[in-house]
Amino acid sequence: MKVFVISVGRDRSGFFAPAAEDYLARIARWAKVQAVELKASPASGAKARSEEALAILRATPPKTELVVLDEAGTGMSTEAFAQWLGGQRDKGRDVAFAIGGDDGLAPSLCDHAAWKLSLSPMTLPHRLARVVLAEQLYRAFSILHGTPYHRA
């Protein structure tokens, strides 16, 4: 299984990137994982969302299950997320998680995605969403492999 975390924009603060990178590096013992950081569009609003959607689609490998992160998406427990991820792994599917830029995601990208996932009903800064997603991926793989990181 290969997992892609595709995100728009950079962490200019230097605060969030090290945490996300640490969790993604931990996953590497169980799955191939690749962080793809896309340049944010210089435009704003709908034009930025459209340009960034095209960049996300270009960065998503063919035959990869695309999951977009959106606060209006479906929320789930960590255990349910682990079960879903394990199902994708068992089917031999690669998964790409897309995190939009400052203006959010284009509706066309959301329509193209196999699933819209909510990490929280609250709006998270995009850089923090990367950390939360990376940690939840690590926790899900820990559950699937029976390691002590996740304790109910």
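As shown above, the structure is provided for reference.
*Asks:* What am I meant to see in the packing of helix H3 (residues 78–90) against helix H5 (residues 126–144) here?
*Replies:* H5 packs onto H3 with a crossing angle of 75° between their chain directions and a minimal axis gap of 9 Å. The orientation of H3 relative to H5 falls into the category roughly perpendicular. For the pair formed by H3 and H5, the contact residues are Thr78, Glu79, Phe81, Ala82, Leu85, Gly86 and Arg89 on the first element and Gln136, Leu137, Arg139, Ala140, Phe141, Ile143 and Leu144 on the second. Considering only residue class, the contact of H3 with H5 consists of eight nonpolar, three polar and three charged.

*Asks:* When you look at helix H2 (residues 45–59) in this model, what are you seeing that I'm missing?
*Replies:* Note: α-helices contain 3.6 residues per turn, so residues at a spacing of three or four share the same orientation. For H2, which comprises 15 residues, the first-to-last C-alpha distance of 21 Å matches the rise-based estimate of 21 Å (1.5 Å per residue) to within 8%. Within H2, the full set of buried residues consists of Ala48, Glu52, Ala53, Ala55 and Ile56. Seen from one end, H2 has its buried residues packed into an arc of 165°, which puts them on one side. For H2, the exposed residues lying more than 90 degrees away from the buried face are Ala46, Lys47 and Arg58. Looking at the buried residues of H2, the elements they touch are strand S1 (2–8), strand S2 (32–38), strand S4 (94–99) and helix H4 (107–112).

Procedures and definitions
- Residues numbered from 1 in each chain as written.
- Predicted model: local features only at pLDDT ≥ 70, side-chain atom pairs only at ≥ 80, totals over all residues.
- Heavy atoms only, no water.
- Axes fitted to C-alpha atoms, helices over the stretch in contact; angles between N-to-C directions.
- Helix = DSSP H or I, 4+ residues; strand = E, 2+ residues; numbered from the N terminus.
- Parallel < 35°, antiparallel > 145°, perpendicular 65-115°, else oblique.
- Contact = heavy atoms within 4.5 Å.
- Nonpolar A, V, L, I, M, F, W, Y, C, P; charged D, E, K, R; others polar.
- Expected span 1.5 Å × (residues − 1).
- Buried < 20%, exposed > 50% of the residue type's maximum accessible area, 1.4 Å probe, protein only.
- Arc of directions from axis to C-beta.

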